Amino acid sequence: MKNRSTFILLTALIISCGPRERVSKEVFDEVNKNMEVKRLTESEIIQEAMIWGDSISASAQKKLISNLQKAIEEGGIVHAIEFCNENANQLTNNLEGILIRRVSTKNRNPTNFPDSQESPILDAYTYNSENNLESEPNIQKIENGEVYLYTKAIIFPGGICLNCHGEPGSEISDPVLKALDELYPLDKAKGYKAGELRGMWSLRIPKKKVVNRL
Ligand code: HEC
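Along each chain, the written sequence defines residue order, and numbers are assigned to residues from 1. Only residues with pLDDT of at least 70 are given local features in this predicted model, and only at 80 or more are side-chain atom pairs given and counted; all residues enter the totals for whole chains, interfaces and linings. Computation of side-chain values covers all heavy atoms of the structure but excludes hydrogens and water.

A. Seen up close, the site of the ligand. Only a single heavy atom is needed: when it lies within 4 Å of a molecule or strand, its residue is near that molecule or strand. In the vicinity of the ligand lie 21 residues, with Arg108, Cys161, Cys164, His165 and Tyr184 positioned nearest. Between the ligand and the protein, one listed contact pairs an oxygen atom with a side-chain N or O atom of Asn112 at 2.8 Å. Under the rule applied, a polar contact is a pair of N or O atoms within 3.5 Å (in protein, one hydrogen donor and one hydrogen acceptor; residues adjacent in sequence only if both atoms are side-chain atoms). One of the side-chain N or O atoms of His165 is found 2.9 Å from a nitrogen atom in the ligand. The helix count covers DSSP runs of H or I at least four residues long, the strand count covers runs of E at least two residues long, and both are numbered beginning at the N terminus. Taken together, the elements giving at least two residues each to the shell around the ligand come down to helix H2 (21-92) and helix H4 (162-165). Examining the composition of the shell around the ligand, we find that eight residues originate from one element, H2, more than from any other. Tallied by class, residues from the shell around the ligand come to 12 nonpolar, six polar and three charged. Put simply, Ala, Val, Leu, Ile, Met, Phe, Trp, Tyr, Cys and Pro go in the nonpolar bin, Asp, Glu, Lys and Arg in the charged bin, and everything else, Gly too, in the polar bin.

Below, the structure is given as structure tokens:
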């Protein structure tokens, strides 16, 4: 809409310019070309940030799950809790120089509670989940547009995860419960059911880094 009105305005200027038409047309072309390049670049950058965010969050997830499985095989569930406690955030928080978080309002580690930029997006995902609507990955501009906040809903898959996030007593065994309570006295991340929203991935991707990839 804005581009169209600029176009009309420029056309009117050129027509009214008469003898200087040739020069004006060059200016006109130049302005339009720049605008077009800029406009394309912004949408291209966002598209690239989305692709990159999808790929980083997917590989962080893979890395977490394979390390978790390895820790369980090596030393059982209680050992794996210690492993998560020491490594989960380091494993994910710096892939390719991007700040990565997993946040949740029903969180285990207190540092994984959403901040003021993440909170409204997680609220929207929660609303969708409660109303059986799909949540798409999202990109939001923050820090005056210099950083893209990429988010993606984490749906709780059940299965292996129930050992530490399921129902205490039935799904979470007593020794596991004891270990969790000792490490996380404020733990809210129990009682999850398959298909529920567990939280979301939150990646802060600097625009400059995205541009460098294009
Ligand atoms: C061996 C126990 C264990 C298993 C199995 C496990 N988790 Fe966790 N989970 C933890 C611990 C411990 C933390 C806290 C890690 C930390 O201190 O950073 C955690 C944290 C999380 C968080 C970050 C948000 C928060 O609550 O702090 C998410 C999301 C999460 N787990 C999802 C899953 C999913 C999905 C699975 C299944 C693939 C899973 N977990 C399996 C123990 C486990």
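B. Quick look at unusual backbone geometry. At Asn132, a residue that is not glycine, the phi angle is positive and equals roughly 55°. Within the secondary structure, Asn132 sits in the loop between helix H3 (119-130) and strand S3 (138-142). Positioned with a positive phi, Glu143 is a non-glycine residue whose angle comes to about 50°. Along the polypeptide, Glu143 turns up in the loop between S3 and strand S4 (147-155).

C. Fine view of the packing of aromatic side chains. A pair of aromatic rings is counted whenever rings of Phe, Tyr or Trp (Trp by its six-membered ring) have centres within 6.5 Å, and the orientation is called stacked for planes under 30 degrees apart, edge-to-face for over 60 and tilted otherwise. This model, assessed by the stated rule, comprises one aromatic pair. Ring centres of Phe156 and Tyr192 lie 5.4 Å apart, and the angle between their planes is 35°; this geometry places the pair in the tilted category. In this pair, Phe156 sits in the loop between S4 and H4 while Tyr192 sits in the loop between helix H5 (174-183) and strand S5 (197-206), placing the two residues 36 residues apart along the sequence. Categorising residues by exposure relies on relative accessible area from a 1.4 Å probe, with only protein chains included: less than 20% of the type maximum marks a residue as buried, more than 50% marks it as exposed, and the intermediate range marks it as partly exposed. For Phe156, a relative accessible area of 2% gives the class buried.

D. Structural view of the coordination of the iron atom of the ligand. Atoms of type N, O and S within 2.8 Å of a metal are treated as its donors, and for Na, K and Ca the window is 3.2 Å; water is not considered, so some sites may appear to be missing partners. Inspection of the coordination sphere of the iron atom of the ligand shows a single protein donor, His165 (NE2), at 2.1 Å. Inspection of the secondary structure assignment puts His165 in helix H4.

E. Representation of the pattern of salt bridges within the structure. One speaks of a salt bridge when a side-chain nitrogen belonging to Lys or Arg is within 4 Å of a carboxyl oxygen belonging to Asp or Glu. In total, this model carries 12 salt bridges according to the counting rule given. For Arg213, the salt bridge identified is with Glu48, shortest N-O distance 3.1 Å. In this pair, Arg213 is assigned in helix H6 (residues 207-213) and Glu48 in helix H2, connecting sequence segments 165 residues apart. Glu48 sits in the buried class, given a relative accessible area of 15%. Asp115 is the partner of Arg204 in a salt bridge, and the nearest nitrogen-oxygen pair spans 2.9 Å. Placement of Arg204 in strand S5 and of Asp115 in the loop between strand S2 (98-103) and H3 is noted, with a sequence separation of 89 residues between them. Overall, the relative accessible area of 27% leaves Asp115 in the partly exposed class. In this structure, a network of salt bridges that share partners links the residues Arg101, Asp115, Glu118 and Arg204.

F. Structural detail: the nonpolar core. To qualify as a nonpolar core, a set must consist of buried Ala, Val, Leu, Ile, Met, Phe, Trp, Tyr and Cys residues joined through side-chain atoms within 4.5 Å. With 17 residues, the main nonpolar core has Trp201, Leu203, Ile205 and Val210 as its most contacted residues. Within the residue set of this core, elements represented by two or more residues are H2, S2, S4 and S5. Broken down by element, this core gets its largest block of residues, seven residues, from H2. Membership of the second largest hydrophobic core comes to 10 residues, among which are Val103, Ile121, Ile142 and Ala153.

G. Broad picture of the environment of Gln90. On the secondary structure map, Gln90 appears in helix H2. In the structure, Gln90 is positioned 10 residues away from Ile100 in sequence and 9.5 Å away in space, judged by C-alpha atoms.

H. Structural detail: the side chain of Lys190. With respect to the helices, strands and loops of the structure, Lys190 is situated in the loop between H5 and S5. Within the local environment of Lys190, its side chain forms a polar contact with the side chain of Asp187, the two groups lying 3.3 Å apart.

Purely geometric numbers; function is a separate question.
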